[in-house]
Amino acid sequence: VLAVLFFVFYLSGCIVYTYDDKTPPPPKPPEPSGTLLKSEFRIGVSPDYMPLAFKDPAYGLVGVEIDFAKQLGKELGKKITFVETPFPELIQALVQDKIDIVMSGMSITDERAKLVSFTDPYVTIGQMALVRSKESSKFRDVQSFSSVNSKVGFVRATTGEMAAKNFFKNATLAPQASAVEAMRCASCPS
């Protein structure tokens, strides 16, 4: 019995592995194509969001994202061309191939993610409400926003619009052309 078990054990170690000559070689990686082959990189910006992207009268386009874009061009060896586009039109410009990338303070939302792909965020910015200092005592916490029944400004197609609709349920919502216009309107009568 031991001899039979020893023989079976011995044979179990004699497994032969064969190589199948018909196995295809691994696929070759795809050739580079698209935007990265171009010498120019068109970056869509809406220069109305300080400190990310805005216009300085003396220097032109400036801001964190402008600096990031210039560095990206250096790293990729590409000429950077900024394409100034109103914020609500940036995604459409990207989809229509008028620009190659958006670098303009765009928050990731489910609705936007259905249209375009986002990178990992490189900055996190929260929403804030600006109120007249003489009225600041009315706004001790976020819950106090729900009782506002005056005019509230926001920029269309931004997360600011989403916040205004969610937090200021009783307010008269007043879309503004830009954040700068919204701040100018802060001095407007209620």
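Below or above, wherever it landed, is the structure these notes cover. What you are looking at is a predicted structure, and each value in this text was computed from that prediction instead of being measured. (Residues numbered from 1 in each chain as written. Predicted model: local features only at pLDDT ≥ 70, side-chain atom pairs only at ≥ 80, totals over all residues. Heavy atoms only, no water.)

**Comments concerning the side chain of Asp100**
Thinking step 1. Along the chain, Asp100 falls in the loop between helix 3 (90–95) and strand 6 (101–102).
Thinking step 2. What makes Asp100 buried here is its relative accessible area of 13%.
Thinking step 3. With residues near it in sequence (within four places) discarded, Asp100 still touches Thr35, Lys38, Glu40, Phe41, Arg42 and Leu94. (Helix = DSSP H or I, 4+ residues; strand = E, 2+ residues; numbered from the N terminus. Buried < 20%, exposed > 50% of the residue type's maximum accessible area, 1.4 Å probe, protein only. Contact = heavy atoms within 4.5 Å.)

**Looking at the packing of aromatic side chains**
Thinking step 1. Going through the model one piece at a time under the given rule, you end up with three aromatic pairs.
Thinking step 2. With centroids separated by 5.7 Å and ring planes inclined at 45 degrees, the aromatic side chains of Phe139 and Phe145 adopt a geometry described as tilted.
Thinking step 3. Judged by its relative accessible area of 14%, Phe145 falls in the buried class.
Thinking step 4. Judged by centre distance (4.9 Å) and plane angle (35 degrees), the rings of Phe145 and Phe168 are tilted. You can see Phe145 sitting in the loop between helix 4 (110–113) and strand 7 (151–155) and its partner Phe168 sitting in the loop between helix 5 (159–167) and strand 8 (172–176), a full 23 residues away along the chain.
Thinking step 5. Residue class for Phe168 comes out buried when judged on its relative accessible area of 11%.
Thinking step 6. In textbook terms, an aromatic cluster arises when at least three aromatic residues are bridged by ring pairs, as seen for Phe139, Phe145 and Phe168. (Phe/Tyr/Trp six-rings, centres within 6.5 Å; stacked < 30°, edge-to-face > 60°.)

Coordinates in, geometry out; function isn't part of it.
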